[in-house]
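Spelled out, the chains give:
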Amino acid sequence: MTRFPHDQFAKDYLKELLTPFGVVETSRNVVAEVREFDVWFTPYSSVTSADTERLGLLGQCAAIPSVFEPFRNAVTPDHIRDCMGKLYYSHTELQRQAKREKTRISEVDLPTVWILTPTASASILKGFKATLEDGWPPGVYFQGEYHKTGIVVIHQLPSTPETLWVRVLGKGRVQKQAIQELNALPVDHPSRSEALLLLANLRTNLLISQNVNKEDRELIMELSPVLVQQLEAATREGIQTGIQTGRRDVVESSLLFRYGVLDEQLLAIIQPIVELPTTDFTRLLMQLSNLSREELLARFGR
């Protein structure tokens, strides 16, 4: 179910986070039809819960064979049934394969599907008899042990470090807060830099997308400082020329996206903006969506 660019980001993001702990396949085909799972994950036998603890809720989900189906918009009953249908077919295929190979596959080896949705209505949760369970945070619902289906309602998750890696896949305010928390992690956190690079790539893909809505525009502006942080990190490695070029690229794309055209007046203020101190430069990018053209020219025009 490709919903590029958000879907591609979600698949790349989950693959990057989970690869150290198991075998990850994206866009895994379901043989019955031309359908596929977004992310199919098989944990390494040597991986323990202590290994995945740094991923919090995501690591808790990945403690068992899993399928991850992230949705950008709220799921419908059809979406959930489609995920469950693909899951049950995959179970049947695994059991057939085991029979052909004259082996046995246990219940714990059959994957669970995790449906990641920003929101889900109370009527949908009730309709699927999805309930909360002990040991899991609010927002994680289950349909019963043998259904092997978890519905993760991202916007119901508590804003804690344990849920951060899942909340990055939310929308609007929830995603914005998660991005800020991610950016504030220690620079040596093992998953921080990879996640930020993927978010910067998402920003680029949204900029060149032909169908950008108001929500995506706000996300682009939110991600601009994230890209700047990545560029400034390179400064500490002595790549000053690359930083100036990178800053200019960010400013040009942000101005073009915000105002629709780069005329002589806007082109003239790019260099003064590029030369701002890091704190001021980042603050300006965060404020750009609220600044009129006249305000910007008054501040940086010469």
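Everything that follows concerns the structure shown earlier in this document.
Residues numbered from 1 in each chain as written. Predicted model: local features only at pLDDT ≥ 70, side-chain atom pairs only at ≥ 80, totals over all residues. Heavy atoms only, no water.

Examining helix α1 (residues 6-18)
For α1, spanning 13 residues, the distance from its first C-alpha to its last is 18 Å, which sits close to the expected 18 Å at 1.5 Å a residue. Within α1 the residues assigned to the buried category are His6, Asp7, Phe9, Ala10, Lys11, Tyr13, Leu14, Leu17 and Leu18. (Helix = DSSP H or I, 4+ residues; strand = E, 2+ residues; numbered from the N terminus. Expected span 1.5 Å × (residues − 1). Buried < 20%, exposed > 50% of the residue type's maximum accessible area, 1.4 Å probe, protein only.)

Some details on the packing of aromatic side chains
Taken as a whole and judged by the stated rule, the model has five aromatic pairs. Relative to tryptophan 40, the ring of phenylalanine 37 lies with its centre 5.6 Å away and its plane at 45 degrees, an arrangement referred to as tilted. Comparing phenylalanine 37 with tryptophan 40, the two get one shared label, buried. Plain terms: the ring middles of tryptophan 114 and tryptophan 136 are 5.4 Å apart, the flat faces sit at 35 degrees to each other, and that makes the pair tilted. With tryptophan 114 in strand β4 (residues 112-117) and tryptophan 136 in the loop between β5 (131-132) and β6 (140-142), the pair connects residues that are 22 residues apart, well separated along the chain. By relative accessible area, tryptophan 114 is classed as buried at 2%. Of the residues examined, tryptophan 136 reaches a relative accessible area of 21% and is grouped as partly exposed. Every member of this aromatic cluster is reached through a ring pair, and the members are Trp114, Trp136 and Phe142. (Phe/Tyr/Trp six-rings, centres within 6.5 Å; stacked < 30°, edge-to-face > 60°.)

What to know about the packing of helix α10 (residues 264-274) against helix α12 (residues 293-300)
It is the contact of α10 with α12, at a shortest axis distance of 10 Å, that shows an interaxial angle of 55 degrees. As the angle between them shows, α10 and α12 are arranged oblique. For the element pair α10 and α12, the recorded crossing hand is left-handed. Residues Gln265, Leu266, Ile269, Pro272 and Ile273 of α10 pack against Arg293, Leu296, Leu297 and Phe300 of α12. (Axes fitted to C-alpha atoms, helices over the stretch in contact; angles between N-to-C directions. Parallel < 35°, antiparallel > 145°, perpendicular 65-115°, else oblique. Left-handed = near helix turned anticlockwise from the far one by under 90°. Contact = heavy atoms within 4.5 Å.)

Some words on α12
Within the sequence span of α12, burial applies to Arg293, Leu296, Leu297 and Phe300. All buried residues of α12 project into a common sector of 95 degrees when viewed along the axis, lining one side. Facing away from the buried surface of α12 by more than 90 degrees, the exposed residues are Glu294 and Ala298. (Arc of directions from axis to C-beta.)

Topic: a negative patch on the surface
Residues Glu107, Glu133, Asp134 and Glu145 make up a contiguous surface patch of negative charge. Here aspartate 134 shows up in the loop between β5 and β6. (Patch = residues over 30% accessible without salt bridge, like charges linked within 9 Å, V, L, I, M, F, W, Y side chains within 5 Å. Areas by Shrake-Rupley, 256 points an atom, 1.4 Å probe, with all protein chains shown as cover. Salt bridge = Lys/Arg side-chain N within 4 Å of Asp/Glu carboxyl O. Lys, Arg positive; Asp, Glu negative; His and termini not counted. Charge placed at Lys NZ, Arg CZ, Asp CG, Glu CD.)

A closer look at the nonpolar core
Nonpolar side chains tend toward joint burial in soluble globular proteins. In this structure, Tyr13, Leu58, Phe68, Leu199 and Leu296 are the most contacted members of the largest nonpolar core, which totals 62 residues. Aside from chain neighbours lying at most four places away, what touches leucine 58 is Leu14, Leu17, Leu18, Phe68, Trp165 and Val166. Ranked by size, the runner-up nonpolar core spans 21 residues in total, among them Val67, Phe71, Val113 and Ala120. (Core = buried A, V, L, I, M, F, W, Y, C linked by side-chain atoms within 4.5 Å.)

Structural notes on the pairing of strand β7 (residues 149-153)
Counting buried positions over the five residues of β7 gives five, a clear majority of the element. The alternating pattern of β7 places Thr149, Ile151 and Val153 and Gly150 and Val152 on opposite faces, both of which are buried. With five bridges joining them, β4 and β7 adopt parallel strand pairing. By the bridge assignment, tryptophan 114 is partnered in β7 with glycine 150. Relative to β7, β6 runs antiparallel, the two being bridged by three bridges. Bridge pairing in β7 links valine 140 to valine 152. What sits between the antiparallel neighbours β6 and β7 is a turn of six residues, in which glycine 144 has the positive phi angle 130 degrees. (Pairing = 2+ DSSP bridges.)

Note that every value here comes from positions in space, so none of it alone points to a role or purpose.
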